[in-house]
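Topology and contacts: notes
Next come the chains, spelled out residue by residue.
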Amino acid sequence: MVRPVLRRADRGEATPADPGSPDVPRSTPSGGRSGPSKGSRPRKGSPPKKRTSAKSKRRRRSGRILRAALLVVLVTAGVFWWQAGKQQPSALPLAAPDTAAPTTSAPPPPPPTWPLTGAPTDAVAERPALAVKIENSVDARPQTGLGAADLVWEEVVEGGITRFVAVYHSNLPPQIGPVRSIRPMDPAIAAPLHGLLAFSGGVQDYVSAARSAGLQILSQDSGADGFHRTTSRKAPHNVYAVPQTLVGQADAGHGASPAAQFDHPAAGQQPTAVAAGQPAATLALTLSGVSHPRWTWSAADGRWLRAEGSTPAVDAGGGRLGATNVVVLRVDVVTTSARDPAGNPVPETVLTGRGQALVASGGHTVAATWSKSGPGDRVTLTGADGAPVTLAPGTTWVELVPNRTGAVTTG
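Here we summarise the structure given alongside this text. (Residues numbered from 1 in each chain as written. Predicted model: local features only at pLDDT ≥ 70, side-chain atom pairs only at ≥ 80, totals over all residues. Heavy atoms only, no water.)

Structural notes on the overall build of the protein
- Looking only at helices and strands, the protein features five helices and 20 strands.
- Put simply, the protein has 411 residues, and 40% of those count as buried.
- Relative to all contacts within the protein whose residues are 6 or more apart in sequence, the contacts with residues 24 or more apart total 60%.
- For the protein, the exposed surface amounts to about 23,600 Å²; the carbon and sulfur share of it is 55%. (Helix = DSSP H or I, 4+ residues; strand = E, 2+ residues; numbered from the N terminus. Buried < 20%, exposed > 50% of the residue type's maximum accessible area, 1.4 Å probe, protein only. Contact = heavy atoms within 4.5 Å. Areas by Shrake-Rupley, 256 points an atom, 1.4 Å probe, with all protein chains shown as cover.)

In structure tokens:
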């Protein structure tokens, strides 16, 4: 039996180097200490090996840990920014938009207006309204200062002639007249003004009624300043007054400006007659058998021009009398127990309650209803739609046309 020949290398013993490989070192026996053996010398030409201490190993280990941690941080940061870059711009967090309303300056307040005309002005003078009784008989024409009034009310008195209650506030002419006596309907006309009522004289009951209505009375018969008689006319048509002197006598309770007596449209809007009425060129009225005022629209003047019948109405200076608005109120007229010096019964216009009305502005007319609850309340004008009727800014004449004997015709 042939036994296998075992090489010493198979038994773990050192094997002599191959004679053909002189540079291969001998193997170290298993379980032997690595490195050169004691007393052995390093091979010529090989660098000496440095011995590594435990301290150096710990430093290298710490450095590897720090580098690994830094690498983790950098990778994490890169992933974050890469994900952020993939988002749509709309998904990115943006600064909240400024939702606050833009700061705008408030619109300027509307200019002040005169309360009785609605016309704009730089400032409303702090003075009371002055209502004055003006005569309208043939002997009294042409009147003085009538065209300067803000409001004029025309009423039927004894004998079928008419008189005016002329109201001044925005304009005080140098002189007005001829001034005549008070009548029973005058307190109801002037009371809503809460101002002054001037006249030459009158029945004491009418004077007391005016005072009870809250008006300050200025009567020539009572010695009030501001009245005088002219020599150019015969009595009783020669009493005239200076408005500035009359207004200067207002007491503490009657010095304020009046409230508006009629409504006016807002800026940029049309008066009711123009917006909702019918075109009209003339307005012919009958107040009595001897009183037939006529109004004709003048586009050139922008107002209604007045005539007494067929005779143009003018003031003492020759200027044509006219008005921006003409308001016709159909009223009841009753006979009182009073008599004038000629023995004629004094009529009274009933100016409370309600009735038909016609409003003329801007070459148009519109039907309306008037109402007045009490003597101290103003006249309210209401259209067929229930809305307030507005007048064009400017002067206004109010015609009190009797229901029974009067008439109104437009053309």
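Picking up after the structure, the text goes on.
What to know about the pairing of strand β5 (residues 216-219)
- Of the two faces of β5, the one lined by Q216 and L218 and the one lined by I217 and S219 are each fully buried.
- In terms of strand pairing, strand β4 (residues 196-199) meets β5 through four bridges, oriented parallel. Bridge pairing in β5 links L196 to Q216.
- In this fold, the crossover linking β4 to β5 by way of helix α3 (residues 204-212) has right-handed handedness. (Pairing = 2+ DSSP bridges. Right-handed = clockwise from strand over helix to strand, strands pointing away.)

Quick word on the pattern of salt bridges
- Within this structure, the stated rule accounts for nine salt bridges.
- E308 serves as the salt-bridge partner of R306, at 2.9 Å between the closest nitrogen and oxygen.
- Residue R306 is classed as buried on the basis of its relative accessible area of 0%.
- Through salt bridges with shared partners, one network takes in R141, E154, R306, E308 and E399. (Salt bridge = Lys/Arg side-chain N within 4 Å of Asp/Glu carboxyl O.)

Let's talk about the side chain of T117
- Within the secondary structure, T117 sits in the loop between α1 (54-86) and β1 (130-135).
- For T117, the residues in contact, after removing those within four places along its chain, are D150, S170, H264, A392, P393 and G394.

Focus: the packing of aromatic side chains
- Within the structure shown, the criterion is met by four aromatic pairs.
- With a centroid separation of 5.2 Å and an interplanar angle of 75°, the aromatic rings of F164 and W397 are classed as edge-to-face. Residue F164 is found in strand β3 (residues 162-168), and its partner W397 is found in strand β19 (residues 396-402); the two are separated by 233 residues along the sequence. Like F164, the residue W397 is buried in the burial classification.
- An angle of 70° between the planes, with centres 5.3 Å apart, marks the rings of W295 and W397 as edge-to-face. Taken together, the positions of W295 in strand β10 (residues 293-298) and W397 in strand β19 put the pair 102 residues apart, joining distant regions of the chain.
- W295 gets classed as buried once you look at its relative accessible area, which sits at 0%.
- The buried category is assigned to W397, whose relative accessible area is 3%.
- Grouped by ring-pair contacts, the aromatic residues F164, W295 and W397 constitute a single cluster. (Phe/Tyr/Trp six-rings, centres within 6.5 Å; stacked < 30°, edge-to-face > 60°.)

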